[in-house]
Each structure stands twice: as structure tokens, then as C-alpha cells.
Amino acid sequence: MVDVRAIQVTFDCADPRALGAFWSQALGYAVPPPPPGFDSWEEFAATLPPEKQNQRWAVVDPAGSGPRLFFQRVPEPKTVKNRLHLDVRAAPGLVGEERMAALEAECARLVELGARRQRRVDPAPPMELGFIVLTDPEGNEFCLD
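Just so it is clear, the model here is predicted, and its values are computed rather than measured.

**So, the environment of Pro137**
Inspection of the secondary structure assignment puts Pro137 in the loop between strand 6 (131-135) and strand 7 (141-144). Sequence separation of Pro137 and Val111 is 26 residues, and the distance between their C-alpha atoms is 9.4 Å. Apart from the residues lying within four places of it in its own chain, the contact partners of Pro137 are Leu19, Phe22, Gly114 and Arg116.

Here's what the structure looks like:
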């Protein structure tokens, strides 16, 4: 049996660097250092043929506790609802109006970064605490929880 200790979340997308920048800002992630021998990712990219540039991008949790996010360019656009999505935990431990106010504040910040608001689900105790559904700049659904 394999002992799995870490995961990477991979996004198929049209613009890996731009989508990586959105998620980096959304989650407080950072771009890892460029390969050895290069001072920047731009310097590294300049060594690649134009068609190979911006094919892949990654961001990491600077604290090392969250998964690495990997973005890979694919030719086809997103066409249907995600079967798997991220829940961004923006209000853990909060309930009621305090929770929804925190979610609304984070929603406003993410919309400024390029997310699109889809809908709000209000609290309905005891089963539903409330959440907000958004899409990232390429249309991938995620929730503020």
C-alpha cells in the first residue's frame, strides 16, 4: 500500500500564468523560485520556443501546509460544471450574520481580483451554515465556505 502524504491540485486552463496569479492572490500563495541557474522565471521562459512559453505555472503555500497548485495549458475551453471544486475556508468557526459578513467581504476582494459571483446560499441551521459560489477568471467554480 502506498502512503500518500501530499497532493497537488491541477487546473487545466487557457492561461496558466494569469490563472496562477489569481489563485496566488486569492490564497496568499507564492511563486516558487526559478530553476537553478536562472534569476527569474522570465529569464527561464526566454530559453523556450514561443509555443512552449506559458504552458505551465505553479504556486505554493509559503507556510508549506497547503497543496501545490499547478496550472497547465490545454487547447479546449471549459464547457461544463466542475465535478470537483475547491472550498475556500474564509469563515471557519463563524456562524449566522457574522459568518455571512466575513464571506461577503472575502467575496468582494476576490471579485476585485477577477472572480465572478454566482450565488449566495444563506444559513439554514442546523444543516446549512451558508456559503457563496464564485467562478475564477476561467470559469472554474469554487465556494467561499
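**As for helix 1 (residues 16-27)**
For helix 1, with 12 residues, the first-to-last C-alpha span of 16 Å sits near the 16 Å given by 1.5 Å per residue. By the burial criterion, the buried members of helix 1 are Pro16, Leu19, Gly20, Phe22, Trp23, Ser24 and Ala26. Turning to helix 1, the residues buried within the fold contact strand 1 (8-13), strand 2 (56-59), strand 3 (68-73), strand 4 (86-88), helix 3 (96-113) and strand 7. At the C-terminal side of helix 1, Gly28 shows a positive phi close to 75 degrees.

**Notes on the packing of helix 1 against helix 3**
Where helix 1 meets helix 3, the closest approach of the two axes is 10 Å, and the angle between their N-to-C directions is 155 degrees. Overall, the two elements helix 1 and helix 3 adopt an arrangement that is roughly antiparallel. Here helix 1 and helix 3 pass one another in a crossing that is right-handed. Counting all contacts with helix 1, which are made through Phe22, Gln25 and Ala26, the residues of helix 3 involved are Glu106, Arg109, Leu110 and Leu113. For the contact of helix 1 with helix 3, the residue count by class is 4 nonpolar, 1 polar and 2 charged.

**Considerations on the pairing of strand 6**
Of all 5 residues in strand 6, 5 are buried, a share of seventy percent or more. Of the two faces of strand 6, both are covered, the one formed by Phe131, Val133 and Thr135 as well as the one formed by Ile132 and Leu134. Bridging between strand 5 (residues 116-121) and strand 6 involves 5 bridges; their strand directions are antiparallel. Note that in strand 6 the partner of Arg120 across the bridge is Ile132. Pairing geometry for strand 6 and strand 7, over 4 bridges, is antiparallel. In the sheet register, Leu134 faces strand 7, and the bridge partner there is Phe142. Joining the antiparallel neighbours strand 6 and strand 7 is a turn of 5 residues, in which Gly139 adopts a positive phi near 90 degrees.

The rules behind the values
- Residues numbered from 1 in each chain as written.
- Predicted model: local features only at pLDDT ≥ 70, side-chain atom pairs only at ≥ 80, totals over all residues.
- Heavy atoms only, no water.
- Helix = DSSP H or I, 4+ residues; strand = E, 2+ residues; numbered from the N terminus.
- Contact = heavy atoms within 4.5 Å.
- Expected span 1.5 Å × (residues − 1).
- Buried < 20%, exposed > 50% of the residue type's maximum accessible area, 1.4 Å probe, protein only.
- Axes fitted to C-alpha atoms, helices over the stretch in contact; angles between N-to-C directions.
- Parallel < 35°, antiparallel > 145°, perpendicular 65-115°, else oblique.
- Left-handed = near helix turned anticlockwise from the far one by under 90°.
- Nonpolar A, V, L, I, M, F, W, Y, C, P; charged D, E, K, R; others polar.
- Pairing = 2+ DSSP bridges.

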